[in-house]
Structures are given as C-alpha cells and as structure tokens.
Amino acid sequence: MSNPGEETPDPETAPCRPRQARPAPESRDGDVPSLRPPQLPARLLSARPARSSTQLSARAASRPAGFRRHTFHGKASPPPLLSVAELLETAQEISKMTIAHEIVLNRDFKVQEVNLSPNSLESRVKETLHKAFWDALKEQLSASPPEYTHVIQLLQEIKESILLLLLPRQSRLRSQIEEALDMELIRQEAEHGALDIPNLAMYILDTMAMLCAPIRDEEVQRLQGVTDPVQLLREIFRVLDLMKMDMANFTIQSLRPHLQDHAIHYEQKKFQELLAKLPNSLDHTTEWLSKAAAEVSASSSSHPEDHGSPTALSLGAVSRSSATPNPMSVLNQGYMNLLHWEPGTEKYPETLLMDQARLQEIQLQVNQLTIIAAVLLVSSSVCGSTLFSSPVFVDRLKRVTKALLEGLPCTRFQEALLDISNHVHREVSEALLQLDYPAFTSEKSSSLKGQIRSIAEKDNAVRSIIEQRIHSFLSLHLSSTAQNSHNLPKGLAPVQEELLEVGHRFSSVIHHNRQVYGPYYLAILKEVLLPGAEAEAGIGSF
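Scoring rules and cut-offs
Residues numbered from 1 in each chain as written. Predicted model: local features only at pLDDT ≥ 70, side-chain atom pairs only at ≥ 80, totals over all residues. Heavy atoms only, no water. Buried < 20%, exposed > 50% of the residue type's maximum accessible area, 1.4 Å probe, protein only. Helix = DSSP H or I, 4+ residues; strand = E, 2+ residues; numbered from the N terminus. Contact = heavy atoms within 4.5 Å. Expected span 1.5 Å × (residues − 1). Polar contact = N/O pair within 3.5 Å; in protein donor to acceptor, adjacent residues only side chain to side chain. Phe/Tyr/Trp six-rings, centres within 6.5 Å; stacked < 30°, edge-to-face > 60°. Core = buried A, V, L, I, M, F, W, Y, C linked by side-chain atoms within 4.5 Å. pLDDT = per-residue confidence, 0-100. Axes fitted to C-alpha atoms, helices over the stretch in contact; angles between N-to-C directions. Parallel < 35°, antiparallel > 145°, perpendicular 65-115°, else oblique. Left-handed = near helix turned anticlockwise from the far one by under 90°. Nonpolar A, V, L, I, M, F, W, Y, C, P; charged D, E, K, R; others polar. Salt bridge = Lys/Arg side-chain N within 4 Å of Asp/Glu carboxyl O.

Caption draft 1: Highlighting helix 5 (residues 171-180). Those residues of helix 5 lying buried are L173, R174, Q176, I177, E178 and A180. The inward-facing, buried residues of helix 5 abut helix 4 (149-164) and helix 7 (197-211).

Caption draft 2: Looking closely at helix 19 (residues 461-475). Here helix 19 spans 21 Å end to end across 15 residues, near enough to the 21 Å set by a 1.5 Å rise per residue. Taken together, the buried residues of helix 19 touch helix 13 (327-337), helix 14 (356-383), helix 17 (413-434) and helix 20 (496-529). Its side-chain oxygen at 3.1 Å from the backbone nitrogen of V462, N460 defines the N-terminal cap of helix 19.

Caption draft 3: How the structure looks around the side chain of N249. On the secondary structure map, N249 appears in helix 9 (residues 229-277). A residue is classified by how much of its surface remains accessible, and N249, at 19% relative accessible area, is buried. Not counting chain neighbours up to four residues away, the residues in contact with N249 comprise K110 and V111.

Caption draft 4: Local environment of the packing of aromatic side chains. Taken as a whole and assessed by the stated rule, the structure comprises 11 aromatic pairs. Taken together, a centroid distance of 5.7 Å and an interplanar angle of 65 degrees make the contact between W288 and Y521 edge-to-face. Of this pair, W288 sits in helix 10 (residues 283-302) while Y521 sits in helix 20; the two residues are 233 residues apart in sequence, bridging distant segments of the chain. Their ring planes at 65 degrees and their centres at 5.1 Å tell us that W341 and Y348 sit as a pair that is edge-to-face. Across this residue pair, the class does not change: W341 and Y348 are buried. An aromatic cluster is built from F271, W288, Y335, Y517, Y520 and Y521, whose rings are joined through pairwise contacts.

Caption draft 5: Quick peek at the nonpolar core. Counting residues in hydrophobic clusters, the biggest one holds 76 residues, and the most contacted among them are W288, L359, V428, L474 and F506. Excluding its chain neighbours within four sequence positions, the residues that come into contact with F506 are Y335, M336, L339, L359, I362, L474 and L478. With 42 residues, the next largest nonpolar core counts L141, L154, L181 and C212 among its residues.

Caption draft 6: Expanded view of unusual backbone geometry. The amide bond that connects S144 to the next residue, P145, takes the cis arrangement and shows omega of -5 degrees. If you trace the backbone, P145 turns up in the loop between helix 3 (121-142) and helix 4. In the Ramachandran plot, D436 falls in the positive-phi region, its phi being about 60 degrees despite a non-glycine side chain. The residue D436 is located in the loop between helix 17 and helix 18 (442-453) in this model.

Caption draft 7: Looking closely at the confidence of the model for the chain. Confidence in the prediction for the chain averages 79 pLDDT; 77% of positions are at 70 or higher. This model gives residues 1-76 a pLDDT under 50, and the stretch forms 133 contacts once residues within four places in sequence are excluded. This stretch, residues 306-321, has a pLDDT under 50; its non-local contacts, to residues over four places away or in other chains, come to 29 contacts.

Caption draft 8: Examining the packing of helix 4 against helix 5 more closely. Where helix 4 contacts helix 5, the axes come no closer than 11 Å and their chain directions differ by 175 degrees. Relative to helix 5, the element helix 4 is oriented roughly antiparallel. Two secondary-structure elements touch here, helix 4 through K159, I162 and L163 and helix 5 through R174, I177 and E178.

Caption draft 9: The arrangement of the packing of helix 14 against helix 16 (residues 391-405) in detail. The contact between helix 14 and helix 16 brings their axes to 10 Å, and the two run at 140 degrees. Looking at the two axes, helix 14 sits oblique to helix 16. Crossing hand, helix 14 versus helix 16: right-handed. Residues Q368, I371, I372, V375 and L376 of helix 14 form the contact with helix 16, whose own contacting residues are V394, L397, K398, T401, K402 and L405. Its residues assigned to classes, the contact of helix 14 with helix 16 comprises 7 nonpolar, 2 polar and 2 charged.

Caption draft 10: Spatial organisation of the pattern of salt bridges. If you walk through the whole model with that rule in mind, you get 17 salt bridges. With a closest N to O distance of 2.9 Å, D135 and K131 form a salt bridge. Residue D135 and its partner K131 are both found in helix 3; the two are separated by 4 residues, about one turn of the helix. Residues joined in a network through salt bridges with shared partners are E219, R222, E235 and R238.

This is the structure:
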C-alpha cells in the first residue's frame, strides 16, 4: 500500500509467475445502514404530576444512597432477560458504535500492534503454542516424503490476506494472484511431490513488496534473505499482519470525513436499537439530570434575579413558569458536574460511557491546571512583581510544577506539593541571587512553602477561587451559540495555552454528545421539569 501522492509502480502491469487461469470472484459492496433519526420510546413522554423547584430540590436531597428511579416504566420492573446470542449481538453492536465514535472524536485514533509483556501469562501461552505449531510444521517438511497438508493451509491463508489488501480497482492484479496461487493446482503439485515452496515464497514476497506501505519496505526486503522455509512462512505472516494494520489505518483515515457527516444519525440509530433491547438503559442518565435539575433549582431559588438573566435566556428556551429551571441550564450543569465526578460514588450516565475515559482525562487536566495556577498565584503574591515580571521565570516555575504533577492522581497532590514547594523556593532563591537581590528571610521562606503546601487542602481559598474561575471559563464552551472567549479570568494567564486546549477538547465532546442524545435529554427533562401539556409549550429543543 502506498502513501497518497507518492509515485508507485503500476500494480496492473507488475509481472508475476503465470499459472492456470481462474475467474476472479465478484466483489460485493458492503451494505450502507439507513441513517434515520431515532424514534423516542412512547414511555419517555408519559405525564407526571407538576412539581415546583422547591419540591424538586427536596425530593433529590431526600433520596437515599443507591436509590434508582424507574422514571419511564410506570411500575418498577426488572430488566428483560436476554439470551446469550442476544447478549453477544448487543455487545458487538456496542463495539461497532464505540469504534465509530472514537474515529470521529479522536483524530489520533489508529489500530496499533499489541505488545504483550514478556512475563505475562498471555505472552507465555502464546509463545508456547506458536512454538509447538511451527516445530510440528518443521517436522512435517523434514519427513520423507514431506507432508504438505499444513503448508497448503498456510498458503491459503496468505493468499486470502494478500487479497484483502487489494483495492476494488485492482481487478487485474487480483486475477493474477488468483492464477499464481491457484490452490487446486498447488494441491496437485503437493500430491505429486512437485511443490516448489521457494518459488511460491518469492512470488509472495514480490507481491507484498508491491502492496506494502513504504514503512514496511525494509521488513519485506529482509525476508528475501531467509532461507529456512518454516521461518520464512512465520515471518511472512508477521509482516502481513503489519500490512493489514496499515491498511486498516488507511481505511480509517479515508472514511473519517464520511463518518463525521453521518456519525450523529448513526449513533442515534444504534442507541435506539440498544434502548429497544434494554429499556432501563437511561436510568443513570435520568439520575444525573435529576441531580443537575435540583442544583439549578436550588441556585435559582437562592438567586431569583439570575433565573431570567440574559445569560440564562441565551442558553435555551425558558418555560413559562418562573419556578421551572431552564432546561439548557440543567443540561449544562450536568455536563459541568462531570468535572467533579468521584469514581465509585455514582454511576456514570449511560449516554456518556463512550466518553468517560476522555472526560476523566479532562477532569485530571483541569485539576492539575488548578494546582499550577494556584502555585503561581501564591508564589507571585509572596515574591512580588520583581521576579514575576519575567515571562521566562514564570514559565520555568510552570514547567517545574507541571512536571512534578505529571501522571499523578488527585489523591497524591499533597505529596507532590511538598516537592513543588521546595523546588519553587529553590528557583526563587537562585533568581534572587542572580539579580543580586537579598535572599528571603527564614520567615518569608517558611511562608512561601507553607502557602504552597496548603493548596493541597480542597477548601483552600486560593485553590477554590482558581477552580471556580477555570470552571466558569469552561462553561462558556458549552453553548453552541455563545462565542468561546479567549479573555481569561484574572490569575489564569500563565496557563492560558493549556486551558484553551482543554476547553476545545471539552467542547468537542459535549457538543457531539448533545447532538446525538439531545432528543433523549429533552424527553427526560420534560419528565423531570414539566408535566405533559406544559412541557410541550415550555421546552422546545436544544
């Protein structure tokens, strides 16, 4: 396989060893699924008694731990039992939807070679089985007369692998391969003791050299010097696996624009099919949105002047009742709650499971940026503008702090801040010495270290302020209509580049999720916020 834009030999005119001709099989195009928007289950629109915002807050606050709502079933009912075949089919469909979702959202997604740990059980079992197989093949070829049964099977698999690497337009090359690797003729040659394995291997290597990506040229050329037939066949399979991986990644890259155009309808269709099989598949999503609704309702009760503010109005349609929370505000509050998610305490919403790892990584980055910005703000207040007027000095402190936090979970921030305080103090002392300024007194040094170490406490004032400002900035990225401001709140300028990158990743995930699952969120919020007829009038769409 060649890279786009590179000059490659014409595969249609490439020479090959002629053998008995055989008709090429007809190619079949894959079926294209119907990409229709999903139909919501009728139970999602069932009416419930009207509830005020105060009642909503009280109900959510009074729920015991582990309480599960069966919002759309009328009566609580156990999930339907699926057969093993249905479970396998469902798992396969979820896998397909996950891969398509990953291709669309992760531009770096690609198939990679699996490298097992040499000491792992799986690696040892694999090595033992492979060695036994290839040793058995060597004994068969060393026998008198040689036994070619397994060799013929391997040649059949090699032929099939090579044909999978061909593009639809390479029909002539396909016919040539079918002719050169005619399995019926190979069996007849084996029966009469006339099978020429080295000649067949040379043709296979020439074909692989023609089809492989430039990165595999060296691998294929190295096989030319392998003389042992068993080792050669083993290496051919290894390189063919790499070539198939290259082809898969080329196909992913080629299909990504097409998938991006149809991803929304495809994921809606697949999730609707899943919901038909597993009606309880929105229970955790309902709990997540109910909690967000209670928080927005409580906030609106505390600050009634904010409920009708221009900001609230810009985020979505507001119902006619002033006591009813804004549905878009509720959804955005739910999204922001994901940045505070504590694993193990609550179940992740089903509609966000495919993005859970991505969002948890963003959450960790937000926590790290909070610590970095807080450390720099504390250091600046203690040291003054003499040192912090130098961008080079500030950048050096940022890099030191970031390096000491890299890869650490939040539970180890206290330990990291001990090292950070010592490193910051050392950097400050060296900078003061270079500028011929007096060194810090022991009291000021203790103050600097103590304030940095106190950032580990979650109720630390500086940390809380920085966290609030970062979350406020990220919340601007949730609206599809509002402009993502590059004007950062005060104190965040040193982490501006990293924060903008995190904001972009966060908004990409959230906007895609809202487009796919917006109809389901809307149906749930109609149930949670408004009763029947009023819901139709008060909530339109996201």
